[in-house]
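So you can see what is in the structure, the chains are spelled out below.
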Amino acid sequence: MTPQKKATVVSSSVAAVLTLIKLIIGFASGSVAVLASAIDSVLDMFVSIFNYFAISNSEKPADKTFNYGRGKTEALASVIEGTIITMSGLYLLYEAAKKAKSGEVSQYIDISIYVMIISLIITISLVIYLNFIAKKTNSMVIKADALHYKTDVFSNVAVLTSLLLVTFTGYEIIDVFVGGGIAIYIIYSAYELVHDGVLVLL
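> Could you give me a rundown of the overall build of the chain, with the residues and numbers involved?
A tally of helices and strands in the chain yields six helices and zero strands. Judged by the C-alpha coordinates and their principal axes, the chain covers about 65 × 30 × 20 Å. For the chain, the residues scored as buried account for 49% of the 202 residues in total. In the chain, of all internal contacts separated by at least 6 residues, the share reaching a separation of at least 24 is 79%. Just so you have it, the chain exposes about 10,400 Å², and 71% of that area is on carbon and sulfur atoms.

Structure follows, in structure tokens:
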């Protein structure tokens, strides 16, 4: 197995674990910020799995149909990944607006804090690993994956900060603002992936 494929297997496995934990806590607690992080992890998992097949396909030799090989599959994967990230950001904005309107109160904040701390440590470790593989192989897909998980580090810090502030102040609006802020940041981070991928395809 090539380093690129191994990296996608590792990232998809990590995302699967984080997805399960965050979804359970996100729905149980009612925190938009935690749910935002959970939805992002779901997308991380599917994108990493997709990247595995994209890399496998790009490594195939040229044939009658693809005279110059399938190297641009990675760029196409980058564009698709960026589009999916954008869609997730829009969904999170909707969830934040819905909570702001309903005035729902978060539950199980203590457990949520511990979950986000663990998630932060795991995600930072994964970003370091993916950056190492990206530099070693110069793979656009792994670079995109590393950037994606890097945004997760910032979002995890934001979610953790939000939970701590809600705990000490009791203001649920903080959760709404942080969740919405993460959504906007996710959409912004997707632009570079789509832009770079489109340039290669063109």
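Text resumes after the structure shown.
> Tell me about helix 1 (residues 3–29), and name the residues and values.
Over its 27 residues, helix 1 extends 38 Å from the first C-alpha to the last, a length consistent with the 39 Å expected when each residue adds 1.5 Å. Where helix 1 terminates, the next one or two residues include Gly30, which has phi positive at roughly 80°.

> Please set out the environment of Ser88 residue by residue, giving values where relevant.
With respect to the helices, strands and loops of the structure, Ser88 is situated in helix 3 (residues 73–102). Note on Ser88: relative accessible area 4%, which makes it buried. Here the alpha-carbon distance between Ser88 and Ala36, two residues 52 residues apart in the chain, equals 8.6 Å. Among residues more than four places away in sequence, those in contact with Ser88 are Leu43 and Ile186.

> Explain a nonpolar patch on the surface to me, and be specific about the residues and the numbers.
Residues Val17, Leu20, Ile21 and Ile24 make up a contiguous nonpolar surface patch of about 360 Å² in total accessible area. Tracing the chain through its elements places Val17 in helix 1. What makes Val17 partly exposed here is its relative accessible area of 45%.

> So what's going on with the nonpolar core? Which residues, and what values?
Core analysis: the biggest nonpolar cluster contains 25 residues, and Leu92, Val159 and Leu163 have the highest contact counts within it. The biggest single contributor to this core is helix 6 (residues 173–201), with seven residues. When residues no more than four places from it in sequence are discounted, the contact partners of Leu92 are Leu35, Ala36, Ile39, Ala183 and Ile186. Formed by 19 residues, the second largest nonpolar core is a distinct cluster that contains Val127, Leu130, Tyr149 and Val153.

> Summarise the side chain of Ser12; cite the residues concerned and give the values.
Tracing the chain through its elements places Ser12 in helix 1. Excluding residues within four positions of it along the chain, Ser12 makes contact with Met45, Ser48, Ile49 and Tyr149.

> Residue-level account of the packing of helix 4 (residues 109–137) against helix 5 (residues 140–169), with values.
In the contact formed by helix 4 and helix 5, the axes pass within 8 Å of each other and the chain directions differ by 160°. Relative to helix 5, helix 4 is oriented roughly antiparallel. The two elements helix 4 and helix 5 meet at a crossing, and its hand is left-handed. Across the contact of helix 4 with helix 5, the residue classes tally to 21 nonpolar, six polar and four charged.

> Kindly report on the side chain of Ser162, identifying the contributing residues and their values.
Among the secondary structure elements, Ser162 is positioned in helix 5. Residue classification places Ser162 among the buried residues on the basis of a relative accessible area of 0%. Ignoring sequence-local partners within four residues, the contact set of Ser162 consists of Ala33, Ile174, Asp175 and Val178.

Calculation notes
Residues numbered from 1 in each chain as written. Predicted model: local features only at pLDDT ≥ 70, side-chain atom pairs only at ≥ 80, totals over all residues. Heavy atoms only, no water. Helix = DSSP H or I, 4+ residues; strand = E, 2+ residues; numbered from the N terminus. Buried < 20%, exposed > 50% of the residue type's maximum accessible area, 1.4 Å probe, protein only. Contact = heavy atoms within 4.5 Å. Areas by Shrake-Rupley, 256 points an atom, 1.4 Å probe, with all protein chains shown as cover. Expected span 1.5 Å × (residues − 1). Patch = residues over 30% accessible without salt bridge, like charges linked within 9 Å, V, L, I, M, F, W, Y side chains within 5 Å. Salt bridge = Lys/Arg side-chain N within 4 Å of Asp/Glu carboxyl O. Core = buried A, V, L, I, M, F, W, Y, C linked by side-chain atoms within 4.5 Å. Axes fitted to C-alpha atoms, helices over the stretch in contact; angles between N-to-C directions. Parallel < 35°, antiparallel > 145°, perpendicular 65-115°, else oblique. Left-handed = near helix turned anticlockwise from the far one by under 90°. Nonpolar A, V, L, I, M, F, W, Y, C, P; charged D, E, K, R; others polar.

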